[in-house]
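Inside the fold
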Amino acid sequence: MKAALFFVLSLPLLLGGAEAETAPAYPLHPLSAQAWRSPENRERLLALINTERAAHGLPPLREQAQLRDAAQAHADYLAQHALASHEQRPGRAGFSGQRPHDRAAAAGYALQRREQISELYVVGLHEAGAAIAQLLSGPYHRHALLAPRAAEIGIGLSAQPGLVISLASGDAVATPPWLFWPRPGQQQVAVAACCERPRPAGLEEFGTPVSVQALNGERLSVQRFELLAADGSPVATELLQAASDPHLRAAPQVAYLLPRQALSPGQRYRVRLLAQAGSERIARDWFFDTAP
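Everything in this summary refers to the structure shown in the same document.

1. A word on the packing of aromatic side chains
This structure, assessed with the given rule, holds two aromatic pairs. Ring geometry for F180 versus W286: centroids 4.7 Å apart, planes at 45°, classification tilted. With F180 in strand β8 (residues 178–181) and W286 in strand β17 (residues 280–289), this pair connects stretches of sequence that are 106 residues apart. Note on W286: relative accessible area 2%, which makes it buried. Seen from their ring centres, Y269 and F288 are 5.7 Å apart, and the 15° between their planes marks the pair as stacked. Of this pair, Y269 sits in strand β16 (residues 268–277) while F288 is found in strand β17, placing the two residues 19 residues apart along the sequence. In this structure, Y269 and F288 share a single accessibility class: buried.

The following block contains the structure:
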């Protein structure tokens, strides 16, 4: 199975930018490349994202033409230079803007502030469901796809194969107070994830993270966040949140529980959470089942 690289940038989270990483092309049959880059596949990707958002009580994202142009320009740039990066180098072929907000503005998007734009991408997958599942499995971008104020989206696709998503935030909307992932009672949860950049807790491979988001946008204070196996034994995890992880500094409303090893297949796991965000408090236990 090919490894896929997947990244997120929510400005100003990494304004310095991660260094570009070589991302060689994974040759596709011409018909597969054509299908991956088709308008129908772009619609499929958007539908998958909005289905996941709806499951958490979040409003759907609207496709936006200038954001699509910005995302497509960056997808083409990454493919042309066999790179994985959120930054482009001025003077190189295909240059369309150094950073995501630059590319959105260059494409004609009515940018109000640079923090309004976030960007995610995946290199190495050419099936819509697998690409979105990969993004949702990573602790530095799940909350970007599931941000309550995310309103507009542009999707770029390349034959590398590559997927670039440009997101723009809008006005505050009414949502549930909390978002849990996996959802309480969710089944068929993948046991493991990999290839995130930057590497969470320095790990290349890890168990699928559990997360909680305070959808009121307030800083999340976690008193207890535990993952327990079916026999009640604790799972070895790392707690990732803004106070301890610089890559989450711009997302103080979220916390991830990162299993240090793959979860066991076909098992039920229990999550125990005690947290507060502003005036909202939560004491919650829930269960999810991993895929066989």
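From this point, the narrative continues.
2. Topic: the pattern of salt bridges
The final tally for this structure, using the stated rule, is 13 salt bridges. Among the ionic pairs, D285 bridges to R270, the shortest N-O distance being 2.4 Å. One end of the pair, D285, is in strand β17; the other, R270, is in strand β16, and 15 residues separate them in sequence. Take R270: its relative accessible area is 30%, and that puts it in the partly exposed class.

3. Here we look at the side chain of Q88
Positionally, Q88 belongs in the loop between β4 (83–84) and α4 (100–106). Of the residues examined, Q88 reaches a relative accessible area of 2% and is grouped as buried. A distance of 2.6 Å separates a polar atom in the side chain of Q88 from the backbone nitrogen of S96. Among residues more than four places away in sequence, those in contact with Q88 are A73, H74, Y77, G94, F95, S96, G97, Q98 and R103.

4. With respect to helix α5 (residues 128–136)
Buried residues of α5: A128, A131, I132, Q134, L135 and L136, and no others. Its side-chain oxygen placed 3.1 Å from the backbone nitrogen of G129, E127 serves as the N-cap of α5.

5. Points about the nonpolar core
Ranked by internal contacts, the top residues of the largest apolar core, which has 27 residues, are L135, I153, L163 and I165. Counting 21 residues, the second-largest nonpolar core is a separate cluster that includes A214, L220, L263 and V271.

6. Here we look at unusual backbone geometry
Note the cis peptide between W181 and P182, where omega equals -5°. Within the secondary structure, P182 sits in the loop between β8 and β9 (192–194). Backbone torsion omega between R197 and P198 reads -5°, so that peptide bond is classified as cis. Looking at the element boundaries, P198 is found in the loop between β10 (196–197) and β11 (205–207). Of note in this structure, C195 is not a glycine but carries a positive phi near 70°. With respect to the helices and strands, C195 occurs in the loop between β9 and β10. Assessed through its relative accessible area of 3%, C195 is described here as buried.

Definitions and limits used
- Residues numbered from 1 in each chain as written.
- Predicted model: local features only at pLDDT ≥ 70, side-chain atom pairs only at ≥ 80, totals over all residues.
- Heavy atoms only, no water.
- Phe/Tyr/Trp six-rings, centres within 6.5 Å; stacked < 30°, edge-to-face > 60°.
- Helix = DSSP H or I, 4+ residues; strand = E, 2+ residues; numbered from the N terminus.
- Buried < 20%, exposed > 50% of the residue type's maximum accessible area, 1.4 Å probe, protein only.
- Salt bridge = Lys/Arg side-chain N within 4 Å of Asp/Glu carboxyl O.
- Polar contact = N/O pair within 3.5 Å; in protein donor to acceptor, adjacent residues only side chain to side chain.
- Contact = heavy atoms within 4.5 Å.
- Core = buried A, V, L, I, M, F, W, Y, C linked by side-chain atoms within 4.5 Å.

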